[in-house]
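Remarks on the overall topology
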Amino acid sequence: MKRTIVYALAAALVLLAAGASFAETAVSASVALSTDAVSADVVSAEAASTDAISTDAASADAVPVESADITALPRIYQTTIGKLNLGDSGKVDEITLKISNLLAEGKDKEAAVALGAAVSAGARNPKHQLGLFCASDLQEVGDSVDDQIKFMLGFIKGYRSSSVLVFTKEGAAKYKAYGNKRGAQWQKVTLNSVPNEKTDRIYESDKLVFIPFKSGDVFKIDLYGKAEGTARMWKIMPGGVNTKSWPGGVWEREVTVRGDKLF
């Protein structure tokens, strides 16, 4: 009888081991099939964990900032706050002080969220204002594309009135953008001009292309690959980010962007 029980337990352990192996295989296969959707969540989770640790440590040692000194802030904040159209210097001081304290506490993402909310509050044309920020101010974060995208994740969460599609010039020989039914090709906005709301929708910096959009917008991108570099794309919305990438090569992709959903 005891030997029978031992055999039964051994058999059960073998089945459990086999089940675990099958589950890992299934998960691995699922991840492989949806790398674009999952990778952003993994990166966000790791970043959130790191931010939580650094924030706790910084908060314990942080000394509250009591005066609104814009010159003490990183350049991205100095430049952007200096352009705010809030109609009240007291509000500018208030946002400066708020961001100063968030940064002093190590809450970098929350500071970017606060900046996005402040820019949105003074925006008469939210999509155009967002495009101008991306094309002219965002580079103050630094030359790294990854650093700029990381900042935008917080900024858009605070901005809320618009989202943005971003893709690299690296890895892309050329691109074309259209509305949902194609028609007239969208054009690059000249920064010192008033854009045509229907066709002037594209903003560029040295390394990135930006297309701001709002919920309900649907548009298409024709992207053409080149042999060198990897083309990367981010759809950044207040609720998160969806990423895609394509290796170097001669290829063509049609990407449909829907403003009412992340994926």
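Residues numbered from 1 in each chain as written. Predicted model: local features only at pLDDT ≥ 70, side-chain atom pairs only at ≥ 80, totals over all residues. Heavy atoms only, no water.

Quick look at the confidence of the model for the protein
Should pLDDT be low for a region, the predicted coordinates there are not to be read in detail. Per-residue pLDDT for the protein has a mean of 81; in total, 76% of the residues score no lower than 70. Here residues 1-59 is a poorly scored stretch, pLDDT under 50, and it has 17 contacts once near neighbours within four places are set aside; other chains count. (pLDDT = per-residue confidence, 0-100. Contact = heavy atoms within 4.5 Å.)

Section: the packing of aromatic side chains
All told, the structure shown has eight aromatic pairs when counted by the stated rule. Ring geometry for Phe133 against Phe155: centres 4.1 Å apart, planes inclined by 0 degrees, an arrangement best described as stacked. Taken together, the positions of Phe133 in helix α6 (residues 126-137) and Phe155 in helix α7 (residues 145-159) put the pair 22 residues apart, joining distant regions of the chain. A centroid spacing of 5.1 Å and a plane angle of 80 degrees characterise the contact between Phe167 and Tyr175, whose relative ring orientation is edge-to-face. Through a chain of ring-to-ring contacts, the aromatic side chains of Tyr77, Phe133, Phe151, Phe155 and Tyr159 assemble into a single cluster. Over the ring of Tyr224 we find Lys174; its NZ or CZ atom is 4.8 Å from the centre of that ring. (Phe/Tyr/Trp six-rings, centres within 6.5 Å; stacked < 30°, edge-to-face > 60°. Helix = DSSP H or I, 4+ residues; strand = E, 2+ residues; numbered from the N terminus. Lys NZ or Arg CZ within 6 Å of the ring centre and 35° of its normal.)

A short note on the side chain of Gln148
For Gln148, the location among the structural elements is in helix α7. Overall, the relative accessible area of 5% leaves Gln148 in the buried class. If we skip the residues at most four places from it in the chain, Gln148 touches Leu138, Gln139, Val141, Gly142, Asp143 and Leu208. (Buried < 20%, exposed > 50% of the residue type's maximum accessible area, 1.4 Å probe, protein only.)

Considerations on the layout of surface pockets
Taken as a whole, the second largest pocket spans an internal volume of roughly 240 Å³. Lining of the second largest pocket is provided by 14 residues; of these, Lys83, Val119, Gly122, Gln129 and Leu132 occupy positions nearest its centre. Considering every element that reaches the lining of the second largest pocket, the biggest residue donor is α6, with five residues. Residues belonging to the lining of the second largest pocket are distributed by class as follows: five nonpolar, six polar and three charged. (1 Å grid on protein atoms, 1.4 Å probe; cavity = no way out; pocket = protein on both sides within 12 Å on 5 of 7 lines; lining within 4 Å. Points joined across faces, edges and corners; volume = space filled by probe spheres on them. Nonpolar A, V, L, I, M, F, W, Y, C, P; charged D, E, K, R; others polar.)

Some remarks on the pattern of salt bridges
Think of it this way: side chains of opposite charge can pair up when their charged atoms draw near. Going through the model one piece at a time under the given rule, you end up with twelve salt bridges. With a closest N to O distance of 3.4 Å, Arg201 and Asp217 form a salt bridge. Residue Arg201 is found in strand β4 (residues 200-204), and its partner Asp217 is found in the loop between β5 (208-213) and β6 (218-225); the two are separated by 16 residues along the sequence. The exposure class assigned to Arg201 is buried, which follows from its relative accessible area of 9%. Among the ionic contacts, a cluster of salt bridges with common partners joins Lys127, Glu197, Arg201 and Asp217. (Salt bridge = Lys/Arg side-chain N within 4 Å of Asp/Glu carboxyl O.)

Let's talk about the packing of helix α5 (residues 108-121) against α7
Packing of α5 against α7 brings their axes to within 6 Å, and their N-to-C directions diverge by 45 degrees. Between α5 and α7, the angle is such that the two are oblique. The way α5 lies across α7 gives a crossing that is right-handed. Across the interface between the two elements, Lys109, Ala112, Val113, Leu115, Gly116, Ala117, Val119 and Ser120 of α5 pack against Phe151, Gly154, Phe155, Lys157, Gly158 and Tyr159 of α7. (Axes fitted to C-alpha atoms, helices over the stretch in contact; angles between N-to-C directions. Parallel < 35°, antiparallel > 145°, perpendicular 65-115°, else oblique. Left-handed = near helix turned anticlockwise from the far one by under 90°.)

Some points on the sheet that holds β4
Spatially, six strands are ordered β3-β4-β5-β1-β7-β8 in an open sheet, and the strand pairing comes out mixed. Taken across any chain shown, the strands that pair with only one partner, and hence form the sheet edges, are β3 (187-188) and β8 (240-246). Where β4 meets β5, two bridges bridge the pair, whose relative direction is antiparallel. Among the inter-strand pairings, Glu204 is bridged to a residue of β5, identified as Val209. (Pairing = 2+ DSSP bridges.)

Concerning the sheet that holds strand β2 (residues 172-179)
The strands making up a sheet associate through hydrogen bonds between their backbones, and the pairing can be parallel or antiparallel. With antiparallel pairing, the three strands of this open sheet are ordered in space as β2-β6-β9. Two strands close off the open sheet at either side, each with one partner strand: β2 and β9 (252-258). Within this sheet the neighbouring strands show an average axis-to-axis angle of 20 degrees, counted without direction. Inspection of the sheet shows β2 paired to β6 by seven bridges, in the antiparallel sense.

Structural notes on the packing of helix α4 (residues 89-104) against α5
Between α4 and α5, the least distance of the axes is 8 Å, while the angle of their chain directions is 165 degrees. One way to sum up the angle between α4 and α5 is to call them roughly antiparallel. Crossing geometry of α4 relative to α5 is assigned as left-handed. For the pair α4 and α5, the contacting residues are Ile95, Lys98, Ile99, Leu102 and Leu103 in the first and Asp108, Glu110, Ala111, Ala114, Leu115 and Ala118 in the second. Residues of the contact of α4 with α5, tallied by class, amount to eight nonpolar, no polar and three charged.

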